[in-house]
Amino acid sequence: MLSVLLITFPFFALVACGFIATWRGVLPQAAIPGLNAFVLFFALPCMLYRFGAQTPIHQLLDINVTLIYLLCAAVMVGATVLLTRRRMGWNDAAFGALVAAFPNTGFMGVPMLAALLGAQSAGPIIVTMAIDMIITTSACIALSRLDLAGGQGVWTAVRNSLKGMAANPMPWSILLGGLASAMGWVLPGPVDKTVAMLAGAASPVALFTIGAVLARSQMNSHENVAARDYVPIALAKLIVHPLLVWAVGMSAMAMGLPLSQETLVVLVLLAALPSASNVSLLTERYGAHSGRVARIILVSTSLAFLTFSAAVALMI
């Protein structure tokens, strides 16, 4: 366990650096959108493109990975909504479900699992990111609109969600990487070197940015939120989600589905990641309880240093 903590410590230390720098005023809050833009539009797309281009196409089209991860996401969303609808409306229940099922794959999982597991993690990472960004997010946004009279606005919300995904460069970089893998395309030398340099910046800047975003959310939030409204969901994200993926994956392997142990390890570790930080932006856009979601993200990210490290020690 100590050896695992030594591996994961630098990743969480970068998150802590971003948090402290923002909290102490060393990094102005006005600079955070610029960091976000660099990661979202330059660094991460380049890393994902290289992942896709260097991954055999059959790994990017793995139906078993898709079905297992999608089933687990549906269970997490459904169970969270059922357990929280008694105390809150559809809007808050839906975004609580999204933050319980959507791991921080882009900003944290991609750089961390690439360092821990190497190229073998690329295929499952890309598949699960596509599911979370397109299917899980759209489904939860649709559920959040059920508070409106007669469910009006559901399809409008879904269409807007899909438009937002279309404006997100990460799905397109995944698609281009997959095409490059399928067609055997190779970037010209200077272009490839530029893409590689941007991809290399993704890990430290993304992790630092997570800390900055978390600090900003706490500094700007003055709401009192009961612990029962956010701690259980944070724990479900860190513990229930990976256990569910492990159980479903082991059951699939027992039934003879062609799922390798290495792929299952990647899926479990992806599920063990803390909640995605970008869910807080969606929460604000759709008028849900942003303070509650911000606390779920903060608690899950803080505890993940121990829980994720424990998952790595158990699975690897």
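Our structure is the block above this text.
Quick look at the structure, then. All of these numbers come straight from a predicted model, not from anything done at the bench. (Residues numbered from 1 in each chain as written. Predicted model: local features only at pLDDT ≥ 70, side-chain atom pairs only at ≥ 80, totals over all residues. Heavy atoms only, no water.)

**Remarks on the overall build of the protein chain**
When helices and strands are counted, the protein chain shows 14 helices and zero strands. What you see in the protein chain, going N to C, is helices and strands ordered as α-α-α-α-α-α-α-α-α-α-α-α-α-α. Taken against the 2.2 N^0.38 rule, which gives 20 Å for 316 residues, the C-alpha radius of gyration of the protein chain at 19 Å falls within 12% of a compact globule. In terms of its C-alpha atoms, the protein chain occupies a principal-axis envelope of roughly 55 × 55 × 45 Å. Per-residue burial over the protein chain gives 52% buried out of 316 residues. Pairs at least 24 apart in sequence give 85% of the contacts found in the protein chain among residues at least 6 apart. Accessible surface, the protein chain: about 13900 Å² in total, of which carbon and sulfur atoms supply 70%. Looking at charge distribution, the protein chain has the averaged site of its 15 positive side-chain charges lying 6 Å from that of its 9 negative ones. (Helix = DSSP H or I, 4+ residues; strand = E, 2+ residues; numbered from the N terminus. Rg over C-alpha atoms; globule rule 2.2 N^0.38 Å. Buried < 20%, exposed > 50% of the residue type's maximum accessible area, 1.4 Å probe, protein only. Contact = heavy atoms within 4.5 Å. Areas by Shrake-Rupley, 256 points an atom, 1.4 Å probe, with all protein chains shown as cover. Lys, Arg positive; Asp, Glu negative; His and termini not counted. Charge placed at Lys NZ, Arg CZ, Asp CG, Glu CD.)

**Topic: the packing of aromatic side chains**
Under the defined criterion, the tally for this structure stands at five aromatic pairs. Ring centres of Phe9 and Phe305 lie 6.3 Å apart, and the angle between their planes is 70°; on these two criteria the pair is classed as edge-to-face. Of the two residues, Phe9 is situated in helix 1 (residues 2-23) and Phe305 in helix 14 (residues 290-315); the sequence distance between them amounts to 296 residues. In this structure Phe9 comes out as partly exposed when scored by relative accessible area, which is 49%. Ring geometry for Phe19 versus Trp23: centroids 5.7 Å apart, planes at 10°, classification stacked. In this pair, Phe19 and Trp23 both sit in helix 1, four residues apart, roughly one turn of the helix. What links up through ring pairs into an aromatic cluster is the set Phe9, Phe12 and Phe305. (Phe/Tyr/Trp six-rings, centres within 6.5 Å; stacked < 30°, edge-to-face > 60°.)

**Regarding the nonpolar core**
Of all hydrophobic cores here, the largest spans 88 residues; its most connected members are Leu269 and Phe308. Counting residues per element, this core draws most heavily on helix 14, which supplies 10 residues. The residues contacting Phe308, other than those within four sequence positions of it, are Thr8, Phe12, Met112, Leu113, Leu116, Leu269, Ala272 and Leu273. Grouped together as the second largest cluster of nonpolar side chains are five residues, Leu27, Ile32, Ala212 and Val213 included. (Core = buried A, V, L, I, M, F, W, Y, C linked by side-chain atoms within 4.5 Å.)

All quantities given are derived from atomic positions and should not be read as evidence of function.
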